[in-house]
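# Inside the fold
One letter stands for each residue in the lines below.
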Amino acid sequence: MSDRVQLDGTKSLATGTADGRKAGRPGPGVPARAWRNSLLGKTTSIFLIGVVFAYALGALVGWQMFTTAALEQWRNQARMNTQIASATLRNIYTYIAVDVDETGHINRIMTDKPIGDDESVLYTGFNPGDVLALIATQTKNDAWIFRYDQGRGAFEQIAATATGDAEMLPPDAALFATDGAAGDFATGFTTIGGERHYVGLLPIVRPGGEVLGAVVASIGSEADLNRTLGELLRNSLIALVVVLVLAAIVGTLVANRLFKPVPALIRATLRIANEQTDMPTPFQNRRDEIGDLAVAIETLRGAVVERGHLRDIRDMAVELAHMAHHDPLTGLPNRALLMKTLEEAVAGLETGQRFNVIMLDLDRFKSINDTLGHASGDNLLISTAHRLVAVVGPRDVVARLGGDEFAIIQTVSRNPLLEARKLATRLLEAVASGIVLDGLELVVGTSIGIACAPMHGAEATQLLKKADLALYRSKATGRGIFNFFEEGMDMDVQDQHALELDLRLALQREEFELHYQPIVNLATMATCGFEALVRWRHPQRGMVPPDQFIPLAEETGMIVPLGEWILGRACSDAALWPKCYTLAVNLSPAQIQKAGLVSAVERALKTSGLPAARLELEVTETVVLAGAESIATLGALRARGIAIVLDDFGTGYASLSNLVSLPFSKIKIDRSFVANLTSQQNCRAIVAAITGLARGLDVDVTAEGVETADQFTILQAAGCTNMQGYYFGRPLPIGEIDLANPIADRARADKRGRGHASS
């Protein structure tokens, strides 16, 4: 018995000695094995393994999706930048059109005229560098304009916002050699100026398909894009590691609460109720009722996510469709939607439906836009759009075609001509009702052209063209009116275009001449000066009236060189007159706004030898809109002893306060008031008020357009200091004027002098 006990004790002792670490001090593998075999360990391990695998797989798939999405984003950004470039070009080069696909994306710019050459600069007032600067400001990236050299088969740079040598691209340049030369829109990497950029290439083609050039908008250099992509990858990896660590911590905490899943499922349900669907539902892998509940909640979350995606897609589609078919400034339908609507209206002609196409644009909008700024011009366009919509009928469509040009499709009930005439009258009244811009109340008129379908055509483009021809007739015959299309109007347009071409050459051919009209001082009844009036003696047309070529010169920019010629020639003529005669020369707003007017005047005086005190420069009230620089220019001229005369007083935009702040030394009463003196009491009251105001300000008053003795008598009684008009003498060449006795009928002048003395 003792031996047995001894043996057992020895065995126990041996066992304790051999396995003492396991029984008394367990080794490092024993607790780990026990933890792995436990429910908590299994749940945690499976969870962590699943998380790691899921995130690894997700990272792989996510990176693939990320790179694909990045490329897609680059393509979309490049297309968006070219869309912005196209919109900017269309706002400036109003003669261009665009070719869009069925989704509304612009594939190419179509024009018969090059973009960026000298003619386009004269037409728009913008050089290519300024245009690209506008594009770069909106896209925050570089942009280029290229012309296509058909002979070399290569693109040549016209202008760019980026530095680098890209004057002529090689014929095999990426994108340019393939899509660009074929006139197709393209995006991708290409090398410009020695640096690779990811760009959108928007070709410029003629309607026949001939490639003229391309507008290229960059979204960034390859180095910048790759650097951004690398930074995003690095941040993604860091985020992945952080997420994995957080997932491990969260997994442990969730495992510790293995038997308390209900609160988590409640929170998941509440998140779904609040449309917070970014987090998956936990406990879906359980094989009990809790797992079934989790799966049901996850199914609900998936349905909510899908519904949200569908809603986002629907909203995006609606927004894109609206953007593609509406003007972003006014919210009106654009040309694309107008053409679609017009095609539908044309199709309805077969069922007896009739409609009118009405085109209108604002009179002298460019002058307001240039003087008050584009912001005021935009406000004017928005206000005009609201007024047009308020005037038309519920079934009519108002669209903005671009610039200040609008179009209306009017649904006709019975009489197309009568209904068009009524609507046009309402449109004229609505637009001309006055608007306040920058504190100035302006009256902006509009001109309207009308084409009736099917009377004037049964094709959409044909009707638009004929309405545009009628609009041109309205602008050419006085503005502020409407005209219906008539046969032969296209010949008028061609004739006006020919006149414009002749005007550009008339100065070189010395076809202009100056006539002078005497200005009579009522105190002495003697001529005190002459006003220089330009005349155009056309070799085929004869004497072209000033009201035909002066507005044309202002629209084409020829008024500036023409005005400098008038100033120089008039000063040379006046230098030979008796010293008692002054010279009055008209200045256009374009001359005043252009830098160098003071130098041009000084040069004319110095060359001719005419004293500054004998020169009077006549400006209209629109100079008030030209800004502080133009007013400073007039002040500089006044400081040199040159008289500044406010011409056509009472017909422009100026307020009475401008008579105090601006350097005027004389006021001229507009001929529209003088013409109605004998028939309208209000004109006599206005003239009396102007002369009284002038006396209070101690400035002279000249009445122009005096043609009858009755007008002379009324103006003399009102207190005018000077007069001019056919009553005293018509404008004549200097060679036909008797400078010793400029007034044509001396006896009549003597008679007027006696009447003046007796009064």
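Residues numbered from 1 in each chain as written. Predicted model: local features only at pLDDT ≥ 70, side-chain atom pairs only at ≥ 80, totals over all residues. Heavy atoms only, no water.

Right, let's talk about the overall build of the protein chain for a bit. The helix and strand inventory of the protein chain stands at 26 helices and 24 strands. Taking all 759 residues of the protein chain together, the buried fraction comes to 42%. Once local pairs closer than 6 in sequence are excluded, the contacts in the protein chain between residues at least 24 apart make up 61%. Roughly 39,300 Å² of accessible area belongs to the protein chain as shown, and the carbon and sulfur atoms make up 56% of that amount. (Helix = DSSP H or I, 4+ residues; strand = E, 2+ residues; numbered from the N terminus. Buried < 20%, exposed > 50% of the residue type's maximum accessible area, 1.4 Å probe, protein only. Contact = heavy atoms within 4.5 Å. Areas by Shrake-Rupley, 256 points an atom, 1.4 Å probe, with all protein chains shown as cover.)

Pairing in this open sheet of five strands is mixed, and the strands run 9-10-8-13-14 from one edge to the other. On the outer flanks of this sheet lie strand 9 (397–402) and strand 14 (482–484), each paired with one strand and no other. In this sheet, neighbouring strand axes are inclined to one another by 20° on average, regardless of whether the strands run parallel or antiparallel. Bridge analysis of strand 8 (residues 354–362) against strand 10 (residues 405–412) gives eight bridges, and the strand direction is antiparallel. Paired with Phe355 across the strands is Thr411, a residue of strand 10. Along the sheet, helix 11 (residues 335–347) makes contact with strand 8, strand 9 and strand 10, crossing strand 9 at roughly 135°. (Pairing = 2+ DSSP bridges. Axes fitted to C-alpha atoms, helices over the stretch in contact; angles between N-to-C directions.)

This next bit is on helix 10 (residues 289–325). Look at helix 10: 54 Å from first C-alpha to last across 37 residues, which is about the 54 Å you get at 1.5 Å a residue. Inspection of helix 10 places Ile290, Gly291, Ala294, Ile297, Glu298, Arg301, Val304, Val305 and Gly308 among the buried residues, and these make up the whole buried set. (Expected span 1.5 Å × (residues − 1).)

The subject of this paragraph is unusual backbone geometry. For the peptide bond that leads from Ala453 to Pro454, omega is 5°, which places it in the cis range. Within the secondary structure layout, Pro454 lies in the loop between strand 13 (446–453) and helix 15 (460–476). Positive phi values are uncommon outside glycine, yet Leu175 reaches one of about 70°. Mapped onto the secondary structure, Leu175 falls in the loop between strand 4 (154–160) and helix 7 (176–182). The phi torsion at Met525 lies on the positive side, around 55°, for a residue other than glycine. Its location among the elements puts Met525 in the loop between strand 15 (512–521) and strand 16 (526–538). Judged by its relative accessible area of 7%, Met525 falls in the buried class.

Here we take up the packing of aromatic side chains. Counted according to the given criterion, the structure contains 18 aromatic pairs. Ring geometry for Tyr148 versus Phe155: centroids 4.8 Å apart, planes at 50°, classification tilted. On the basis of relative accessible area, Phe155 is assigned to the buried category, the value being 2%. Taken together, the ring pairs in this structure connect Phe146, Tyr148, Phe155 and Phe176 into an aromatic cluster. It is Arg730 that lies over the ring of Tyr726; its NZ or CZ is 4.0 Å from the centre. (Phe/Tyr/Trp six-rings, centres within 6.5 Å; stacked < 30°, edge-to-face > 60°. Lys NZ or Arg CZ within 6 Å of the ring centre and 35° of its normal.)

Once that is clear, we can look at the environment of Leu617. By secondary structure assignment, the location of Leu617 is in strand 19 (residues 615–619). Residue class for Leu617 comes out buried when judged on its relative accessible area of 0%. In this structure, the C-alpha to C-alpha distance between Leu617 and Glu531, residues 86 residues apart in sequence, is 9.8 Å. For Leu617, the residues in contact, after removing those within four places along its chain, are Leu567, Val585, Leu587, Val601, Leu637, Ile642, Ala643, Ile644 and Val645.

With that settled, consider helix 17 (residues 546–556). If you check which residues of helix 17 are buried, you get Phe549, Leu552, Ala553 and Thr556. Angularly, the buried residues of helix 17 cover 105° about the axis, an arc narrow enough to put them on a single face. Positioned one or two residues after helix 17, Gly557 has a phi angle of 85°, which is positive. (Arc of directions from axis to C-beta.)

Turning our attention to the nonpolar core. By size, the foremost hydrophobic cluster in this structure holds 72 residues, and its most contacted members are Leu583, Leu615 and Leu617. Ranked by residues supplied to this core, first place goes to helix 18 (residues 559–574) with eight residues. With residues near it in sequence (within four places) discarded, Leu615 still touches Leu567, Cys571, Leu583, Val585, Val601, Leu605, Ile642 and Ala643. Grouped together as the second largest cluster of nonpolar side chains are 32 residues, Ile368, Leu380, Val391 and Ala420 included. (Core = buried A, V, L, I, M, F, W, Y, C linked by side-chain atoms within 4.5 Å.)

Functional significance is not addressed by these values, which are geometric in nature.
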